[in-house]
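# Structural overview for review
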Amino acid sequence: MFYAQILTLFPEFFDSPLSCSIPKRAIEAGIVSVDAIQIRDFATDKHHKVDDSPYGGGPGMLMKPEPVVASIRAARDRHPDTHVVMLTPSGARFTQAKALEFTEKSGITLLCGRYEGFDERICDYVDEELSLGDYVLSGGEPAALCVLDAVIRLLPEVLGSPESAVLDSFTEEGILDWPHYTRPEMFEGKGVPEVLLSGNHAEIEKWRRAQAIKRSKKRV
Ligand code: ADE
């Protein structure tokens with residue numbers, strides 16, 4: 001079973017999204033286990049302090065190194081071979097190729113920050129820093145959820161149709177999916193491309209590939 005450990009100040013953030021749709025089914029089927037671990041539990045001071053103001057001044061609060069590093073150590077104690085990923089806007093961009101790479105591991109540990117970020121020294125205790133994109137979220141949790149979702153759907157046995165994995169190989173090469181249509185055949189005056197109604201599978205395949213390439217060129 002693939003495991004995911006999430007180090008976070010908000011374990012409850014993950015309850016609802018993981019109890020829907022594909023992640024829910026994957027967890028119920030025993031394909032993946034998800035453990036949200038409260039970083040605050042590793043704070044040893046009286047007030048369980050996890051954040052503090054930055055040296056040198058400036059706005060906001062930073063995640064303190066002691067509880068965060070203690071939580072990383074606990075994650076490594078449970079899974080000594082674990083790959084620890086810090087979610088931060090200054091990380092490398094998360095991609096479909098990276099999601100696929102993670103499925104080849106026995107599991108991952110996702111470290112979510114809040115406030116203005118992490119004390120820089122925490123970076124020495126993680127294996128990789130990833131960003132979802134060039135924008136700042138209120139914390140690493142939504143980013144960790146996206147990483148987890150992208151990984152879960154790629155795990156063997158999670159998606160019903162093996163063709164879905166083939167489609168992913170296109171996205172990996174940077175080629176987007178083609179346009180899709182379902183019933184009704186006419187919607188508010190808009191029809192469905194004739195070729196899709198033709199029953200000619202070779203022609204349909206050709207059309208889809210051409211559309212995917214056209215779309216990819218336009219969107220890059
Ligand atoms: N934390 C805050 N913003 C983020 C982003 N864009 N990606 C990953 N983690 C983040």
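Criteria and thresholds
- Residues numbered from 1 in each chain as written.
- Predicted model: local features only at pLDDT ≥ 70, side-chain atom pairs only at ≥ 80, totals over all residues.
- Heavy atoms only, no water.
- Domains from an automatic or database assignment.
- Near = heavy atom within 4 Å.
- Polar contact = N/O pair within 3.5 Å; in protein donor to acceptor, adjacent residues only side chain to side chain.
- Areas by Shrake-Rupley, 256 points an atom, 1.4 Å probe, with all protein chains shown as cover.
- Helix = DSSP H or I, 4+ residues; strand = E, 2+ residues; numbered from the N terminus.
- Nonpolar A, V, L, I, M, F, W, Y, C, P; charged D, E, K, R; others polar.
- Pairing = 2+ DSSP bridges.

With domains assigned, the chain is organised as domain 1 (2-152) and domain 2 (175-219). For domain 1 versus domain 2, the separation of C-alpha centres amounts to 39 Å.

Neighbouring residues of the ligand: 13 residues in total, closest Thr88, Leu132, Gly133, Tyr135 and Leu137. Leucine 132 is positioned such that a nitrogen or oxygen atom in its backbone is 2.9 Å from a nitrogen atom of the ligand. Tyrosine 135 is positioned with one of its backbone polar atoms (N or O) 2.8 Å from a nitrogen atom of the ligand. In isolation the ligand exposes 260 Å². Once the protein is present, 96% of that is buried. Residue assignment for the shell around the ligand shows that the elements contributing at least two residues are strand S5 (83-93) and strand S8 (128-131). Examining the composition of the shell around the ligand, we find that 3 residues originate from one element, S5, more than from any other. A breakdown of the residues in the shell around the ligand according to their chemical character gives 8 nonpolar, 5 polar and no charged.

So, on to the sheet that holds strand S7 (residues 117-118). Two modes of strand pairing occur in sheets, parallel and antiparallel, and in both the strands are linked by backbone hydrogen bonds. The strand order across the open sheet built from 3 strands is S3-S4-S7, with neighbouring strands paired in mixed fashion. Both edges of this open sheet fall to strand S3 (51-52) and S7, since each of them pairs with a single strand only. Here 2 bridges tie strand S4 (residues 62-63) to S7, and the two strands are oriented parallel to one another. If you follow methionine 63 over to S7, its bridge partner there is phenylalanine 118.

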